[in-house]
Amino acid sequence: MIKIAVCDNEPVMCETLKEMVSSKLGQWGEAFRITSYIHGASLLVSPLDFDLIFLDIQMPGLDGMELARRLREKEFGGILIFVTVLKECMEDAFEVEAMDYLCKPVDKDRLERALKRSLKRLGDRQQRYLVVKTMSWCRKVNLRDIYYCEVMNRKIFLHTRSGILEYYGKMKDLERQTEPFFIRCHRSFLVNPDYVWEYGEGQVILKNEERVPVSKHYHQALIERMMHYMDEEG
């Protein structure tokens, strides 16, 4: 099931967008749940287990752009789509890694394209798992829950949203299992581009403020992969 939130201080707009999204997803046979919020603060204190959030920008108190920043600070890794009359805020939308920017009144074709891209991304991420095995246990780890992977002395360390998992393995196997989503940035590290916040001075800074080294050998490949990733995300 796809969990969606719509946040707009105008109840009528919330309902209109909810109906438009429901109509499209219903046509495509997708299971979904949509929750509406008329205050950004209410959304911010919710469980934040959404896959996709539609945000208005012009809202009293906590506006949509600041709300998006705070959502990312709380490590919300889902999809953000702005729905607004403010075309001049489009540049700021890239800062919070919004997938799309829809202008009011919302065009049905533009909404359809945004939903299709969102479903593709969700499908890619949700259906990919890394199977971790040791002598005593076996576990499936969703790729979208992994910040980065580290290999040290034939041991793999998965730095995840719920902690660090360690097991014995090889980098070449790990790289194959995480393709094409993760990016090799060092002989000992793979990073999840969903969590990359900044790159410079030989290191990647992630949204959880951890830092991952980037070697000269992988510098250019990292830049190219990140540019390709951002193009795909719009």
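Note that the structure is a prediction, hence the values are computed from the model and not measured.

**Quick look at the sheet that holds strand S13 (residues 196–200)**
Read from one edge of the open sheet, three strands run S13-S14-S15, paired in antiparallel fashion. Strands with a single pairing partner mark the edges of an open sheet, and in this sheet they are S13 and strand S15 (211–213). Direction aside, neighbouring strands of the sheet carry axes that sit 25 degrees apart on average. Strand direction decides the pairing type here: S13 and strand S14 (residues 203–206), joined by four bridges, are antiparallel. What sits directly across from Glu198, in S14, is Ile205.

**Observations concerning the side chain of His159**
Along the chain, His159 falls in strand S9 (residues 155–160). Here the side chain of His159 touches Glu150 through a polar contact of 3.1 Å, side chain to side chain. Excluding residues that lie within four positions of it along the chain, His159 makes contacts with Asp145, Ile146, Tyr147, Tyr148, Glu150, Ile164 and Glu210.

**Quick notes on the packing of aromatic side chains**
Under the criterion given, the structure shown has four aromatic pairs. Relative to Tyr195, the ring of Tyr147 has its centre 4.8 Å away and its plane inclined at 70 degrees; by these criteria the two rings are edge-to-face. In this pair, Tyr147 is assigned in strand S8 (residues 146–152) and Tyr195 in the loop between strand S12 (189–191) and S13, connecting sequence segments 48 residues apart. Looking at Tyr195, the relative accessible area reads 4%, which means it is buried. When the ring centre of Trp137 is taken as reference, the NZ or CZ atom of Arg139 above it lies at 4.9 Å. Directly above the aromatic system of Tyr129 lies the positively charged group of Lys140, at a separation of 4.4 Å from the ring centroid.

**A few points about the sheet that holds strand S3 (residues 52–55)**
The parallel open sheet is built from five strands, whose spatial order is S2-S1-S3-S4-S5. Each end of this open sheet is capped by a strand with a single partner; those strands are strand S2 (32–37) and strand S5 (100–103). On average, adjacent strands in this sheet sit at an angle of 20 degrees to one another, irrespective of strand direction. The sheet contacts of helix H1 (residues 11–27) involve strand S1 (2–7), S2, S3 and strand S4 (79–84), and relative to S2 the element is tilted by about 170 degrees. Against the sheet, helix H3 (residues 64–73) engages S1, S3 and S4, with an angle of about 175 degrees to S4.

Conventions used here
- Residues numbered from 1 in each chain as written.
- Predicted model: local features only at pLDDT ≥ 70, side-chain atom pairs only at ≥ 80, totals over all residues.
- Heavy atoms only, no water.
- Pairing = 2+ DSSP bridges.
- Helix = DSSP H or I, 4+ residues; strand = E, 2+ residues; numbered from the N terminus.
- Axes fitted to C-alpha atoms, helices over the stretch in contact; angles between N-to-C directions.
- Polar contact = N/O pair within 3.5 Å; in protein donor to acceptor, adjacent residues only side chain to side chain.
- Contact = heavy atoms within 4.5 Å.
- Phe/Tyr/Trp six-rings, centres within 6.5 Å; stacked < 30°, edge-to-face > 60°.
- Buried < 20%, exposed > 50% of the residue type's maximum accessible area, 1.4 Å probe, protein only.
- Lys NZ or Arg CZ within 6 Å of the ring centre and 35° of its normal.

These figures capture arrangement, not role.
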